[in-house]
Amino acid sequence: MYRRVLLSMASFRTLSLLLIVVFTNLFSISSFAANSIDGIRVWPAPENTRIVFDVKQKPNYKYFTLSNPERLVIDFTDTKNTVSLKNLADNDPRVKRFRSSVSKGKTRLVLELNQSYQSTVFPLAPAGQYGHRLVIDLYDKARSVKSSVKTVKKAGDIIIGVVAGHGGEDPGSIGGKGTYEKHVTLAIAKKLQKLIDKEKGMRAVMIRTGDYYVNLNRRTSLAREKNVDFLVSIHADAFHTPQPSGGSVWVVTKKRAESELARWLVNREKKSELLGGGGGVIKNTSDSHLALALADMSKEHSLGVSFGVANNVIKEMKKITKMHKKTPQNGNFAVLKSSDIPSILVETGFISNHREEKNLTWPKHQQRLASAIHVGIKNYFLAYPLQGSYFASVGYKKHKVRSGESLSVLAKRYNISMSKLKSINNLKSNSLRIGQTLKIPRTG
């Protein structure tokens, strides 16, 4: 009897030890890990894919790549994964599938890739609605080849670059009812693109076409590659209280433009393409004063065009919505920094205002905003057309009457009959006054 009890006690101890080992293995990672992966988001874009891991605490990780087949491996220390990996790669052109394993206190995530990519891996501290994150960017290696190929510009077209603010991992501001700024801006941008493309003599280039993020510097690079003449960035404003409302239009501060200009001039041999039409001369001249003068002219021209378009867009937006600011505002926005590309940033309304949040999600209001921006840009370039553009051969230009000029002199100068000149300007007599502005039809 005593022997049987001893055997039973020994069996019990053995069984207990086995259970302790099993439960330790089962729960050391899954239940008692200091950290956890609570979400994984995949953002495919034309040139790259961004993968974001939402982690409970600051990630402790290492990563490396493997070839034949191509894989990216991330080891998370003392971290459990709570996310299903089954369908994460379904809509991504670069990642075939995700898989994971647990070993020696680590969770290993393996990304099986379609080919070799340039990869960057970096953590992000909590910001806005997000906690700690680990971000992976996979870039197409052919991107540098693509970037060297410029878009062929159709003769006569004014190319308008349309930037839908934010995108992908960056939602922008979020309205009280959960509206994401990135969705509003893309909807308005797509409507603006259609209006521009319907306009003879204008063509739109979308910098972002879907729900993904485009790096701020890359937005400007894409605009240059597409030979953009003017850049318009679409946003929705926000404030920490719901009271503020209305739209506004922003242009870069002169100080920001000058600082960017100075940075480029320091290395002008490599950066001459950033300095606009005078870039070739700026690169080759040994005269620093000439280089500065040419670059400064480019900057001043760009700022002038930006202000001109901004005023025209505000004029049109006033007709369909309240304006928070009734004159162009100066801002230090990165998307406006290029001295060679005239640009504006349009705040279409306050997404933090309950009424305007509702309007900004209403397709009819989005269409009205897109139309106001389109008409504002069009009217500026009709009044001040680019040389060689279709707009330079249609519509009217303005002439301010100077001392000694008469109707007959102007009719002869512009190769138009006096009667037609009077009709266009609603003149009841042949008399003109100094300082009077006349419309003169363009003849191409």
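Residues numbered from 1 in each chain as written. Predicted model: local features only at pLDDT ≥ 70, side-chain atom pairs only at ≥ 80, totals over all residues. Heavy atoms only, no water.

A. Examining the sheet that holds strand β10 (residues 158-164) more closely. Spatially, the 6 strands line up as an open sheet ordered β11-β10-β12-β15-β13-β14, and their pairing is mixed. Either end of the sheet is taken by a strand with one partner, and the two such strands are β11 (202-206) and β14 (329-331). In this sheet, neighbouring strand axes are inclined to one another by 30 degrees on average, regardless of whether the strands run parallel or antiparallel. Across the sheet, helix α10 (residues 363-383) lies against β10, β11, β12 (230-237) and β15 (343-350), angled at about 150 degrees from β12, the strand it touches most. (Pairing = 2+ DSSP bridges. Helix = DSSP H or I, 4+ residues; strand = E, 2+ residues; numbered from the N terminus. Axes fitted to C-alpha atoms, helices over the stretch in contact; angles between N-to-C directions. Contact = heavy atoms within 4.5 Å.)

B. Examining the pattern of salt bridges more closely. Under the defined criterion, the tally for this structure stands at 16 salt bridges. For Arg218, the salt bridge goes to Glu225, with nearest N and O atoms at 2.9 Å. Neither Arg218 nor Glu225 differs from the other in exposure class; each is buried. With a closest N to O distance of 3.2 Å, Glu316 and Lys319 form a salt bridge. Classification of Glu316 as buried rests on a relative accessible area of 11%. Several salt bridges converge on common partners, so that one network encompasses Arg41, Asp54, Arg133 and Glu169. (Salt bridge = Lys/Arg side-chain N within 4 Å of Asp/Glu carboxyl O. Buried < 20%, exposed > 50% of the residue type's maximum accessible area, 1.4 Å probe, protein only.)

C. Just the packing of aromatic side chains, in detail. Applying the stated criterion across every chain, the model contains 5 aromatic pairs. On the numbers, 5.2 Å between centres and 85 degrees between planes, the contact of Tyr380 with Phe381 is edge-to-face. Of the two residues, Tyr380 and Phe381, neither departs from the other in class, the shared state being buried. With 6.3 Å between their ring centres and 55 degrees between their planes, Tyr390 and Phe391 make a pair best called tilted. Counting every residue linked through ring pairs, the aromatic cluster contains Phe230, Tyr380, Phe381 and Tyr384. The cationic tip of Lys439 hangs over the ring face of Tyr396; the distance from NZ or CZ to the ring centre is 4.9 Å. (Phe/Tyr/Trp six-rings, centres within 6.5 Å; stacked < 30°, edge-to-face > 60°. Lys NZ or Arg CZ within 6 Å of the ring centre and 35° of its normal.)

D. Structural view of the sheet that holds strand β7 (residues 106-113). Reading across from one edge, β3-β4-β7-β6 is the order of the 4 strands in this open sheet, with antiparallel pairing throughout. Each edge of the sheet is formed by a strand with only one pairing partner; in this case those strands are β3 (61-66) and β6 (95-103). On average, each strand axis in the sheet is inclined to that of its neighbour by 15 degrees, with strand direction left out of account. Sheet analysis places β3 next to strand β4 (residues 71-77), joined by 6 bridges and oriented antiparallel. Residue pairing in the sheet places Leu66 in a bridge with Arg71 of β4.

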